[in-house]
Amino acid sequence: MFTNRIVLPVFLFSCFSAFSQISFGDSNKINDNWKFNLQDISDAKNASFDDSKWKPVNVPHDWSVKGQLSPTLASATGYLPGGIAWYRKSITIPQSKSGEKVYLYFEGVYNRSEVFINGHSLGKRPNGYISFAYDATDFIKYGKENTISVRVDHSQSADSRWYSGSGIYRDVWVVYANPVHIAQWGVYAYPEVQKGNGILNVEVEVENGSAAKTTLTVLNELISKDGKSIAKASSKVEIPANQNGKISAKINVKNPQLWDLENPNLYQLKTTVLQNGKEIDKTITQTGFRTFTFDPNNGFALNGKWMKMKGVCLHHDAGVLGSAVPREVWKTRLETLKEIGVNAVRTSHNPQAPEFYELCDELGLLVLNEAYDEWEFPKRKWLEGWNYGTPGYEGSFDIFANWAEKDLEDFVRRDRNHLSVFAWSIGNEVDYPNDPYSHPVLDKGKDGFGQAAYGGYKKDAPDAMRLGAIAKRLVAAVKKYDKSRPTTAGLAGVAMSNETEYPGALDITGYNYTESKYQTDHEKYPNRVIYGSENTHDMKPWLEVKNNKHIFGQFLWTGIDYLGESGRWPSRGFYSGLVDFAGVIKPRGYFRQSLWSDKPMAYLGTYPLTNEKDISKDAWAIWNYEEGQKIRVVCYTNASKARLELNGKVVGETKLYDEKTGIIYWDIPFSSGKLEVIGLDASDKEVSRHAINTTQQPVELTIDNKNTTISKDKGVAKIMVQVKDQNGLPVMLSDNEVTCTISGPGTLLGLEAGNNSDMTDYTDNVQRVFHGHIAAYIQSNGNSSEPIKVKFTSQWLKPVEVIINVK
């Protein structure tokens, strides 16, 4: 049971082997050389089916993002199509593997998939975000070709409130294993840290798939980052035929190096299974030690140090790449967020790819891991623009009764050992008033609720009192496999949910956009741990966190712009991110950096003055206006004060940082040149500066990252192209059309400029820049180490080339 003060030791688990999620056997990616057809063909499951005319693709593959944007499609999913499609692939299982188990493991297929091997159905998995494996052994032809067929049914194309993508959009693996092996997701470990000393508690579940009882030895060895063996533990277990067995062990570590946000120290755990002295299975696991504390009065502490979570919500797409996002792209995105000052992310509102969590472990980011946006009834899905027109009601609600606990258990088992994960969220806004649940409190005008805001109590709607019972079921599913972390949820209708057992079923409680109840609920429910699970970018919500010790953090909506939940056409997605589709920091990102980063910074942005009271967080770094035009110059900084200079002369007096708005500004007439802000500390010493310049007509394309090397094994490079003038200054106002051509063993995955309203074709090699830049994603083909030559051209501009080295 959790108490008022929750002190939780947590342990990171993630195999160093390529196949980290399943943690047994000999695994190999089988991502290449699939065949694809965007039609529903029933005979496609059969091994003898002729797929010679199908389109060759590699996975991860998202067919929706390769479709055409159309205003006739649902805005909820980014005006992009769904459908039903088939994937097929032939693989040869060596004769030498006869006698071994053969598994197929899918990290994610969206959605309602069914997998066949040689015409035999291995199973169905309707949830598009859950990883799963099938035992294909009984249908394998050893020493011969075997045909994998996968049917993907995303015919309910508007089944999500945001862009989901379609297809086999994550990695696929084939796994060979001894009949006696470590069970899928069978290693679970967690530490205790007391007085500087650590105890690593390890549980290993072993599956005996043989017809005979067996006695095994399980070895667990902890290895430091410099390769030294720290400690070992050996356990014996006897497992009856066709059953599973489990061992528990403790590994003592003196003064372990703790994992934290600045120094994410990691160890390795090597687990080996021996039968009659012979090694039959092993896994190598990345691991580390840390503790966290949740307290209703003091908030959150990592390793005993009280801190605020400066979090963002993240969906799983990456603009033009859709939902098939390479590891390298996620790494640069997460590094950019850390640069801003972000220290936590929320996986809104579904499990992410395994690589996402591995990166958070390695980079030092806390993760609020979320499973569901919808329970037993559908939510509104906007079809003609966000909050506009008549909504649709497709969704995943129809699978909830049969799959909710199973999906949640697999979600927890896969991710439970990632050190970055600090909590399990069982739902987001499932309690939104009248969407779908209702309660008589909505008629009382109580706590800001009432007829005007939510339409009042609807007696024919699902009863909100159901929420408590469902939450208890889901919490029990989580606790079945992990008691080391708290359960939580993002509550949208806090006042309504407070009338139910829903908040009481959770260990910590997330409030979506309900800062007004932080203090009153703290007084009314003194044992409740409260945080902002979803918040706007405004200053006031942050001050509610900063100035209230009992609120441990907030999660902004959102960290990065995402496809779907679009406004009325033209709109690709939701544009409230700190970072745009192309991974470029937006003005509001710099504003947040001024609030969250400990490193000295200053940012200068401008806009024409039309309203004296308007103090915008979206001031772009542009200094091109009409001579004499009155301009508001905005500075975001964490310095104590700042002054403004134009061409070396003071044009804006030194002003103190405004604690209420977080913004310093001046109103000045435009005059061309170099506009610069200088950040000063309390003693008037310079600590930061930022300049913007008046630019001329664009004359050339440039690339900063010309020394780029990627892996031969489908490595990905992000090349950022910038339009500049004759003085080498970025031209923010340019919108030139750029063409990308490639020679050598590379493929253009897509061009992304970050323009939310550009609804042109994203499937070709031509795109307009936005704010003077565009990103190109280039992937190696995996069959050569020859360099890749990439050329960018634009009419009237000097072209630019880059060589990508492949190793």
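Residues numbered from 1 in each chain as written. Predicted model: local features only at pLDDT ≥ 70, side-chain atom pairs only at ≥ 80, totals over all residues. Heavy atoms only, no water.

Caption draft 1: Quick look at the overall build of the protein. Per the secondary structure count, the protein includes nine helices and 48 strands. Relative to the compact-globule value of 28 Å for 807 residues, the protein shows a C-alpha radius of gyration of 27 Å, a close match. Summarising its shape, the C-alpha atoms of the protein cover approximately 90 × 65 × 60 Å along the three principal directions. Carbon together with sulfur atoms contributes 47% to the accessible area of the protein, which is approximately 31,200 Å² in total. Of note, the protein has its 92 positive side-chain charges centred 4 Å away from the centre of its 95 negative side-chain charges. (Helix = DSSP H or I, 4+ residues; strand = E, 2+ residues; numbered from the N terminus. Rg over C-alpha atoms; globule rule 2.2 N^0.38 Å. Areas by Shrake-Rupley, 256 points an atom, 1.4 Å probe, with all protein chains shown as cover. Lys, Arg positive; Asp, Glu negative; His and termini not counted. Charge placed at Lys NZ, Arg CZ, Asp CG, Glu CD.)

Caption draft 2: Representation of the nonpolar core. The biggest cluster of nonpolar side chains holds 106 residues, and the ones touching the most others in it are Leu 334, Trp 375, Ile 426 and Trp 623. Ranked by residues supplied to this core, first place goes to helix α5 (residues 466-481) with seven residues. Aside from chain neighbours lying at most four places away, what touches Leu 334 is Leu 314, Phe 356, Leu 359, Cys 360, Leu 363 and Leu 365. If you look at the next biggest cluster of nonpolar residues, it comprises 32 residues, including Val 204, Val 206, Tyr 267 and Val 273. (Core = buried A, V, L, I, M, F, W, Y, C linked by side-chain atoms within 4.5 Å. Buried < 20%, exposed > 50% of the residue type's maximum accessible area, 1.4 Å probe, protein only. Contact = heavy atoms within 4.5 Å.)

Caption draft 3: Local environment of the sheet that holds strand β11 (residues 145-154). Ordered by their spatial adjacency, six strands build an open sheet running β5-β4-β6-β11-β8-β9, and the pairing between neighbours is antiparallel. Here the strands that pair on one side only, and so sit at the sheet edges, are β5 (55-57) and β9 (120-125). Taking each pair of neighbouring strands and ignoring which way they run, the sheet shows an average axis angle of 25 degrees. Two strands pair when backbone bridges link them, and strand β4 (residues 34-37) and strand β6 (residues 83-92) are joined in this way by three bridges, in the antiparallel orientation. Across the sheet, Lys 35 pairs through a bridge with Arg 88, a residue of β6. (Pairing = 2+ DSSP bridges. Axes fitted to C-alpha atoms, helices over the stretch in contact; angles between N-to-C directions.)

Caption draft 4: Geometry of unusual backbone geometry. Following Val 59, the chain continues to Pro 60 via a peptide bond in cis, the omega torsion being 5 degrees. Notably, Tyr 79 is not glycine yet its phi reads approximately 60 degrees, a positive angle. When its relative accessible area of 1% is taken as the criterion, Tyr 79 is described as buried.

Caption draft 5: Examining the confidence of the model for the protein more closely. For the protein, per-residue confidence averages 94 on the pLDDT scale, and residues scoring 70 or more make up 96% of the total. Contacts of residues 1-20 to residues separated by more than four positions or lying in other chains number 98 contacts, the stretch itself having pLDDT below 50. (pLDDT = per-residue confidence, 0-100.)

Caption draft 6: Spotlight on the pairing of strand β42 (residues 716-725). Within β42, eight of the ten residues are buried, which leaves the element mostly enclosed by the surrounding structure. For strand β40 (residues 698-703) and β42, the ladder comprises five bridges, and the chain directions are antiparallel. Note on β42: the bridge partner recorded for Pro 698 is Asp 725. Where β42 meets strand β46 (residues 773-780), seven bridges bridge the pair, whose relative direction is antiparallel. Across the sheet, residue Val 721 finds its bridge partner in β46, namely Ile 774.

Caption draft 7: Representation of the packing of aromatic side chains within the structure. In total, this model carries 39 aromatic pairs according to the counting rule given. When the centroid spacing of 5.8 Å and the interplanar angle of 35 degrees are considered together, the rings of Phe 36 and Trp 63 count as tilted. In this pair, Phe 36 is assigned in strand β4 and Trp 63 in the loop between β5 and β6, connecting sequence segments 27 residues apart. The interplanar angle of 45 degrees and the centroid separation of 6.1 Å between the aromatic rings of Phe 300 and Phe 552 together place this pair among those described as tilted. With a gap of 252 residues between them, Phe 300 in strand β21 (residues 299-302) and Phe 552 in strand β30 (residues 551-556) connect regions that are remote in the sequence. We note that Phe 300, like Phe 552, is buried. An aromatic cluster is present here, built from Phe 292, Phe 294, Phe 300, Phe 422, Tyr 531, Phe 552 and Phe 555 joined pairwise through their rings. Residue placement shows Arg 333 over the ring face of Trp 330; its charged tip is 5.9 Å from the ring centre. (Phe/Tyr/Trp six-rings, centres within 6.5 Å; stacked < 30°, edge-to-face > 60°. Lys NZ or Arg CZ within 6 Å of the ring centre and 35° of its normal.)

Caption draft 8: Fine view of the pattern of salt bridges. Evaluated as defined, the whole model comprises 45 salt bridges. The shortest N-O distance in the salt bridge between Asp 435 and Arg 380 comes to 3.7 Å. With Asp 435 in the loop between β26 (421-428) and α4 (451-454) and Arg 380 in the loop between β25 (366-370) and α3 (400-415), this pair connects stretches of sequence that are 55 residues apart. Arg 380 sits in the partly exposed class, given a relative accessible area of 23%. For Glu 405, the salt bridge is made with Arg 473, and the minimal N-O distance between the two is 2.8 Å. One end of the pair, Glu 405, is in helix α3; the other, Arg 473, is in helix α5, with 68 residues separating them in the sequence. Residue class for Glu 405 comes out partly exposed when judged on its relative accessible area of 23%. Take Arg 473: its relative accessible area is 34%, and that puts it in the partly exposed class. (Salt bridge = Lys/Arg side-chain N within 4 Å of Asp/Glu carboxyl O.)

Caption draft 9: Inspection of helix α8 (residues 539-546) at higher detail. Here α8 has its buried residues at Met 539, Pro 541, Trp 542, Leu 543 and Val 545. Of the surrounding elements, those touching the buried residues of α8 are β23 (309-314), β29 (530-535), β30 and α9 (587-596).

Caption draft 10: Examining the packing of helix α1 (residues 327-340) against helix α2 (residues 354-363) more closely. As a packed pair, α1 and α2 sit with axes 10 Å apart at the nearest point and diverge in direction by 40 degrees. Considered as vectors, α1 and α2 are oriented oblique to each other. In this structure, α1 meets α2 at a crossing whose hand is right-handed. Where α1 abuts α2, its residues Arg 327, Trp 330, Lys 331, Leu 334, Glu 335 and Lys 338 lie against Glu 355, Phe 356, Glu 358, Leu 359, Cys 360, Glu 362 and Leu 363. Each residue belonging to the contact of α1 with α2 can be placed in one class, and the counts come to six nonpolar, no polar and seven charged. (Parallel < 35°, antiparallel > 145°, perpendicular 65-115°, else oblique. Left-handed = near helix turned anticlockwise from the far one by under 90°. Nonpolar A, V, L, I, M, F, W, Y, C, P; charged D, E, K, R; others polar.)

Caption draft 11: How the structure looks around the sheet that holds strand β10 (residues 132-135). Sheet architecture is open: four strands sit in the order β3-β12-β7-β10, paired in antiparallel fashion. Of all strands in the sheet, those bounded by a partner on one side alone are β3 (26-29) and β10. For this sheet the average axis-to-axis angle between neighbouring strands, irrespective of direction, equals 25 degrees. One ladder, built from four bridges, connects β3 with strand β12 (residues 172-177); its direction is antiparallel. The residue of β12 that forms the bridge with Asn 28 is Val 174.

Caption draft 12: View of α2. Within α2, eight of the ten residues are buried, leaving the element largely enclosed by the surrounding structure. Those residues of α2 that fall on the buried side of the exposure criterion are Pro 354, Phe 356, Tyr 357, Glu 358, Leu 359, Cys 360, Asp 361 and Leu 363.

Caption draft 13: Focus on the side chain of Lys 379. As for its placement among the helices and strands, Lys 379 is situated in the loop between β25 and α3. Of note is the side chain of Lys 379, whose polar atom sits 2.7 Å from the backbone oxygen of Asp 373. Contacts of Lys 379, omitting those with residues within four sequence positions, involve Arg 161, Asp 373, Glu 374, Gly 392, Tyr 393, Asn 428, Glu 429, Val 430 and Asp 435. (Polar contact = N/O pair within 3.5 Å; in protein donor to acceptor, adjacent residues only side chain to side chain.)

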